[in-house]
Amino acid sequence: MENGLENNTIYLTEMTDGFLMDIHGYASNEEVCKYQPWGPNSIEDTKTYLKEVLADVMKDKRTRYVFAVVEKTSNKMIGAGELFHVDYANKNGEMGYIIHPNFWGNGIATQVAHLLLDFGFKKLKLNRISATCDVRNIASEKVLKKVGMIQEGLLRENILLKDGWRDSFLYSSLSRDRMTK
């Protein structure tokens, strides 16, 4: 795997079939899926998701990088981080992260976001990385602010959830912003 996708606490690695039950552990949790258009997953939903992720790895020109977040002390997968909609012509991408609730409140999502930004800017040579979060997801918004992303605006009713339309905050970071920190 690419160098630099780790720190003292976690490392990010390509997904494998062996992560199926770990993924399902958080993807089947109602609280984890609260602000997402998917889930809670059945085991078949999770298998389909993992199959799609593994197919993306095989593409010549990847536009999606999904990494397992592995805690170093236990060597257990505790979440996922993703760079997606990678547009090499315009040097743009989007990022997202999801952490098992047993690890919420420990700064793991912030660490994942830092590693994804570094990967996108340094390895993929992107100029801009954006992220969105449900306006009600205060914890996720705090992560985006902690990693130095700038709020660009509000996307009104941009995602349809089970309980209705979701408004999302839009955040971004530019490579030059990251290099000055």
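Residues numbered from 1 in each chain as written. Predicted model: local features only at pLDDT ≥ 70, side-chain atom pairs only at ≥ 80, totals over all residues. Heavy atoms only, no water.

Novice: Tell me about the pattern of salt bridges, and name the residues and values.
Specialist: All told, the structure shown has 11 salt bridges when counted by the stated rule. For Glu82, the salt bridge is made with Arg64, and the minimal N-O distance between the two is 2.7 Å. Here Arg64 lies in the loop between helix H2 (43–57) and strand S2 (65–71) and Glu82 lies in strand S3 (residues 76–87), a separation of 18 residues in the sequence. Arg64 shares its class with Glu82; the two are buried. Between Lys145 and Glu141 there is a salt bridge, with its nearest N and O atoms 3.8 Å apart. Of the two residues, Lys145 and Glu141 both sit in helix H4 (residues 138–146), four residues apart, roughly one turn of that helix. (Salt bridge = Lys/Arg side-chain N within 4 Å of Asp/Glu carboxyl O. Helix = DSSP H or I, 4+ residues; strand = E, 2+ residues; numbered from the N terminus. Buried < 20%, exposed > 50% of the residue type's maximum accessible area, 1.4 Å probe, protein only.)

Novice: Outline unusual backbone geometry, listing residues and values.
Specialist: Following Gly39, the chain continues to Pro40 via a peptide bond in cis, the omega torsion being -5°. The topology assignment puts Pro40 in the loop between helix H1 (20–27) and H2. In this structure, Asn75 is a non-glycine residue whose phi angle is positive, near 55°. Counting through the fold element by element, Asn75 comes out in the loop between S2 and S3.

Novice: Summarise the nonpolar core; cite the residues concerned and give the values.
Specialist: Among the nonpolar cores identified, the biggest contains 33 residues, and Leu12, Leu83, Met95, Tyr97, Ile108, Val112 and Leu144 are the most heavily contacted of them. For this core, the elements supplying multiple residues, two or more each, are strand S1 (10–14), S2, S3, strand S4 (92–99), helix H3 (108–123), strand S5 (128–134), H4 and strand S7 (164–174). The leading source of residues in this core is H3, at nine residues. The contacts of Val112, once residues within four sequence positions are left out, are Ile10, Leu12, Val69, Gly81, Tyr97 and Ile99. Within the second largest apolar cluster, 15 residues are counted, among which are Met15, Tyr26, Val32 and Leu50. (Core = buried A, V, L, I, M, F, W, Y, C linked by side-chain atoms within 4.5 Å. Contact = heavy atoms within 4.5 Å.)

Novice: So what about the sheet that holds S4? Which residues, and what values?
Specialist: Sheet strands line up and pair through hydrogen bonds in the backbone, either parallel or antiparallel. The strand order across the open sheet built from seven strands is S1-S2-S3-S4-S5-S7-S6, with neighbouring strands paired in mixed fashion. Only two strands of the sheet have a single neighbouring strand rather than two, namely S1 and strand S6 (150–161). On average, each strand axis in the sheet is tilted by 30° relative to the strand beside it, whichever way the strands run. Here S1 runs beside S2; their pairing, made up of five bridges, is antiparallel. (Pairing = 2+ DSSP bridges. Axes fitted to C-alpha atoms, helices over the stretch in contact; angles between N-to-C directions.)

Novice: Explain the environment of Leu160 residue by residue, including any values.
Specialist: Relative to the helices and strands, Leu160 is located in strand S6. By relative accessible area, Leu160 is classed as exposed at 51%. Along the primary structure Leu160 and Pro37 are separated by 123 residues, whereas in three dimensions their C-alpha atoms are 6.3 Å apart. Setting aside residues up to four positions removed in sequence, Leu160 forms contacts with Pro37 and Trp165.

Novice: Please set out the packing of aromatic side chains residue by residue, giving values where relevant.
Specialist: Taken as a whole, this structure holds two aromatic pairs when the rule is applied. Judged by centre distance (5.3 Å) and plane angle (70°), the rings of Tyr65 and Phe119 are edge-to-face. Taken as a pair, Tyr65 in strand S2 and Phe119 in helix H3 lie far apart in primary sequence, 54 residues in all. Seen in terms of ring centroids, Phe67 and Phe119 are 5.2 Å apart; in terms of plane orientation they differ by 85°. Their pairing is edge-to-face. With Phe67 in strand S2 and Phe119 in helix H3, this residue pair connects regions lying 52 residues apart in the sequence. Summarising the burial analysis for this pair, Phe67 and Phe119 share the class buried. Residue placement shows Lys61 over the ring face of Tyr88; its charged tip is 4.1 Å from the ring centre. (Phe/Tyr/Trp six-rings, centres within 6.5 Å; stacked < 30°, edge-to-face > 60°. Lys NZ or Arg CZ within 6 Å of the ring centre and 35° of its normal.)

Bear in mind that shape data such as this cannot, by itself, settle questions of function.
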